[in-house]
Structure formats: structure tokens, C-alpha cells
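What follows is each chain in one-letter form.
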Amino acid sequence: MRRFLAPLLVTLLLAAACGATPAGEQTPEAAREQAPGPGLLVLTTVDPITDLARQVLGDRGEVRSLVAAGDSHTFEPTPQDAIAMSEADLFLGNGLGLNDAAVALAETNLPEGAPIVTLADLALAADDIILGDGGHTHGGDTNTHTHDDGDAAPNPHVWMDVTHAMAYVGHIADALADVDPEGAETYRVNAAAYTAELAALDAAILEATATIPQDSRVLVSYHDSWTYYAPRYGLEHIDAIQPSDYAEPSAAEVRAIVDEINAQGVPAVFGAREFPSDVLGTIAAETGATYIGDLSDDTFPGEPGDPAHSYIGMMLENARAITEGLGGDASPLDAVVPTG
């Protein structure tokens, strides 16, 4: 529980309360509409984890992201972040080397007894972790995440496979129940309802991707966010073009990817909204492939408050761009409507 609440915040919470829910089994609607809970403060890192946590927490507190959208690889904590951490009841990170600075901040500043949960470490078995970029390689190890000793490091973009996001939701519910046992049933119901939405999203992406012609099922990306997405949805992933130090790729690396695209007849290449670059435009011009530059792994479409400004909205937008760009039919995605 949150240790100290300012009197004004207590007043606001009481004023906002709308009556307790009946005891016993709750419907998802009842769980989400119940009176505000104990005022938990949950701190997270990337926006996808933030959104998953909000879906499960409901009205029993606040989820606050430390990492700005598109800043997941360059995050540096501030003194304000340390203050927020000192007041938090729970920290939810990704693990696998993503936002290690935030994890270190939590280890130093969280109140005694407040848990640190790194979701990828819980959701994936060792055999499911993809090292480096998970695709082909061009020009040695420059296109992979690496440890200081040069070994390929785990790729952290686990949530891009929707089934892994579903596992995240279950672990979030467990973590919230540990710090707020009175809300355990609410978290269970919320998690079950949201997992059903994610299962429908996963099925729609599978159905849409299945319409891509067999000889076009190759995903060429700039950033290395797609190494979990591609195998889940039946695509071959040609490794990310962006070097692991986020510099522009060398001329030799660009030539290698151009040659492979020409050899495979890839119809489209995909850029990252978080990492604008002219490189893919050059590659597209040399190969005749279509350049699609606005895929995203942690930046939501639309504006806060829009239903599409969500994990589901982001994944739908990505799946539509990939499916249509590779010559498939994205209409199965129309069955999934983001609810925010």
C-alpha cells in the first residue's frame, strides 16, 4: 500500500468514490466501475507495459511511466524519478537489459518491501529468449544487442508477440495482488477480460498475415523490434539495419541489405517511428521496394485519451502496415476495435 497520502489526495479519492461493489464473483464491468481502491502507485518503463498495467489495475490506483514514448533505449533517470520511486508500491519493468537504469533506480529508491518485477524474465523460458536481432546478420555483430564482452545479448522487445503480452498481463495481476490482497479478485477479473481482448487481437493478426503471398513473407526492419513478432506471425525476419550503437549503418552494411532484398524480391521495407532515418529511403530507391516508415514498438498512435492510443491500437496499426505493405489483406484486423 502507499505509505503516505496527502490530505488533499485523500479528499479527492473519497469524493470520487461511487460505492462499493457487491461481494462475490465480479463481472469485468463491475470490476472496472467499482469504487477507487487504496491509491496504489505503480511505476513502469515503456508505454506498452504501462498500458497493460493500467488495464489490470483499473481504479485501484495510478500507473505512471518513467520512460517517455520512443525513449526506451536512451532513458536516463532524473531526481524527480527518484522521488516518485520513493513513494511507489510496485515497479514493473521489462528486463532483458531494457531500461537497466530504471531498475537500478528502483533497487535504490523503492520503499522497503515494494517489489521489483521484470516481466520478460517471468514470461519467457530460457529457450524462448531471442539473442541479438534474431534474424540474419550483415557485417558481423554490429546489428545486434551486445554485452560488453561481445556476446549477443537478449532482444528485449518481447511484447511485440501478443501472446507474450498476454503472459505479462497475468504476471502483472499476480504482482498487484501481492501488494494489494484485497484487490486480488478485481485484478484477476480485469486480467481475464483484457487477456480475452489480446487473444482476439492475436487471432486477427494471424489471420491477416496468413493472406500475405508466400514469396513476400519477409520483414525487413530498421530497428530490431520485430524478432518476436516475425516468427509468431509467420514471417522471415531480415535483421535490423540499425547498428546496436544507434549510429547510421555503414555503406557496406547498406549494400549487403540491398543485395539481399534484391535476391529475395522483398516488396517493402519498414522504418521505425522512434528512429527516423534516410537509410531505408535510399535502400527502397535502389531496390524498388516500397518504404513504409512508421512502425512502432513503444509509441502509441493518436493522442492520449483516444481509444487507439493504446497497446492494442499500436499493434493493429503495425499489423495493418506490414500486411498491406507485403501484399496481404488486412481486413481481418477490422474485427478488433481498441477500447483504450
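Our focus in this paragraph is the overall build of the protein. The secondary structure content of the protein amounts to 12 helices and 8 strands. Excluding contacts between residues fewer than 6 apart, the proportion of contacts in the protein whose partners are at least 24 apart in sequence is 66%. Accessible surface computed for the protein: about 14200 Å², of which carbon and sulfur atoms make up 54%.

Bringing the confidence of the model for the protein into the picture now. On average, the protein scores 82 in pLDDT, and the residues at 70 or more come to 77%. Between residues 31–35, whose pLDDT stays under 50, and residues either more than four places distant or in other chains, the model counts 23 contacts. Low pLDDT (under 50) marks residues 133–150, which in the prediction has 56 contacts with non-local residues, meaning those over four places away or in another chain.

This brings us to the sheet that holds strand β4 (residues 116–118). Strand pairing in a sheet relies on backbone hydrogen bonds. The paired strands run either parallel or antiparallel. With parallel pairing, 4 strands are arranged side by side in an open sheet as β2-β1-β3-β4. This sheet does not close on itself; its edge strands, each paired only once, are β2 (61–65) and β4. Each neighbouring strand pair of the sheet contributes to a mean axis angle of 20°, computed without reference to strand direction. Looking at chain direction, strand β1 (residues 40–44) and β2 are connected through 5 bridges and run parallel. In the strand pairing of β2, Leu40 is matched with Gly61. On top of the sheet, helix α3 (residues 47–57) reaches β1, β2 and β3 (90–93); it is set at about 175° to β2, its chief contact. Contacting β3 and β4, helix α5 (residues 100–109) crosses the sheet at an angle of about 160° to β4.

Buried within α5 we find Ala102, Val103, Leu105 and Ala106. Along α5, the residues classed as buried sweep out an arc of 160° about the axis, all on the same side. Along α5, the residues that are exposed and aim more than 90 degrees away from the buried face are Glu107 and Thr108. Buried-residue contacts for α5 involve α4 (79–86), β3 and β4.

This part covers the pattern of salt bridges. Taken as a whole and judged by the stated rule, the model has 7 salt bridges. Between Asp259 and Arg255 there is a salt bridge whose closest N-O contact spans 3.5 Å. In this pair, Asp259 and Arg255 both sit in helix α10 (residues 251–264), 4 residues apart, roughly one turn of the helix. When its relative accessible area of 41% is taken as the criterion, Asp259 is described as partly exposed. By relative accessible area, Arg255 is classed as partly exposed at 39%. Between Asp334 and Arg320 there is a salt bridge; the shortest N-O distance is 3.0 Å. Residue Asp334 is found in the segment after α12 (311–325), and its partner Arg320 is found in helix α12; the two are separated by 14 residues along the sequence. For Arg320, a relative accessible area of 27% puts it in the partly exposed group. Three or more residues joined by partner-sharing salt bridges are found here, namely Arg255, Asp259 and Glu286.

The next subject is the packing of aromatic side chains. A full pass over the atoms with the stated rule returns 2 aromatic pairs. The interplanar angle of 85° and the centroid separation of 5.2 Å between the aromatic rings of Trp226 and Tyr229 together place this pair among those described as edge-to-face. Across this residue pair, the class does not change: Trp226 and Tyr229 are buried. An aromatic cluster is defined as three or more aromatic residues linked by ring pairs; in this entry it consists of Trp226, Tyr229 and Tyr233.

According to the stated counting rule, one finds 2 cavities of 30 Å³ or more in the structure shown. Empty space within the second largest cavity amounts to approximately 40 Å³. Secondary structure elements with two or more residues in the lining of the second largest cavity: α3 and α8 (184–209). Among the residues forming the lining of the second largest cavity, the class breakdown is 3 nonpolar, 4 polar and 2 charged.

Right, let's talk about the packing of α4 against α5 for a bit. Any two packed helices are characterised by how steeply their axes cross, that is the angle between the axes, and by the distance between the axes. In the contact formed by α4 and α5, the axes pass within 9 Å of each other and the chain directions differ by 50°. With respect to their mutual orientation, α4 and α5 come out oblique. Of the two elements, α4 crosses α5, and the hand of that crossing is right-handed. Across from Asp81, Ala82, Met85 and Ser86 in α4, the residues of α5 making contact are Ala102, Leu105, Ala106 and Asn109.

Another aspect to go through is the nonpolar core. Of all hydrophobic cores here, the largest spans 65 residues; its most connected members are Leu201, Tyr229 and Tyr311. Ignoring sequence-local partners within four residues, the contact set of Leu201 consists of Val162, Tyr311, Ile312, Met315, Leu316 and Val336. Counting 16 residues, the second-largest nonpolar core is a separate cluster that includes Leu41, Leu43, Leu66 and Ala82.

Rules used throughout
- Residues numbered from 1 in each chain as written.
- Predicted model: local features only at pLDDT ≥ 70, side-chain atom pairs only at ≥ 80, totals over all residues.
- Heavy atoms only, no water.
- Helix = DSSP H or I, 4+ residues; strand = E, 2+ residues; numbered from the N terminus.
- Contact = heavy atoms within 4.5 Å.
- Areas by Shrake-Rupley, 256 points an atom, 1.4 Å probe, with all protein chains shown as cover.
- pLDDT = per-residue confidence, 0-100.
- Pairing = 2+ DSSP bridges.
- Axes fitted to C-alpha atoms, helices over the stretch in contact; angles between N-to-C directions.
- Buried < 20%, exposed > 50% of the residue type's maximum accessible area, 1.4 Å probe, protein only.
- Arc of directions from axis to C-beta.
- Salt bridge = Lys/Arg side-chain N within 4 Å of Asp/Glu carboxyl O.
- Phe/Tyr/Trp six-rings, centres within 6.5 Å; stacked < 30°, edge-to-face > 60°.
- 1 Å grid on protein atoms, 1.4 Å probe; cavity = no way out; pocket = protein on both sides within 12 Å on 5 of 7 lines; lining within 4 Å.
- Points joined across faces, edges and corners; volume = space filled by probe spheres on them.
- Nonpolar A, V, L, I, M, F, W, Y, C, P; charged D, E, K, R; others polar.
- Parallel < 35°, antiparallel > 145°, perpendicular 65-115°, else oblique.
- Left-handed = near helix turned anticlockwise from the far one by under 90°.
- Core = buried A, V, L, I, M, F, W, Y, C linked by side-chain atoms within 4.5 Å.

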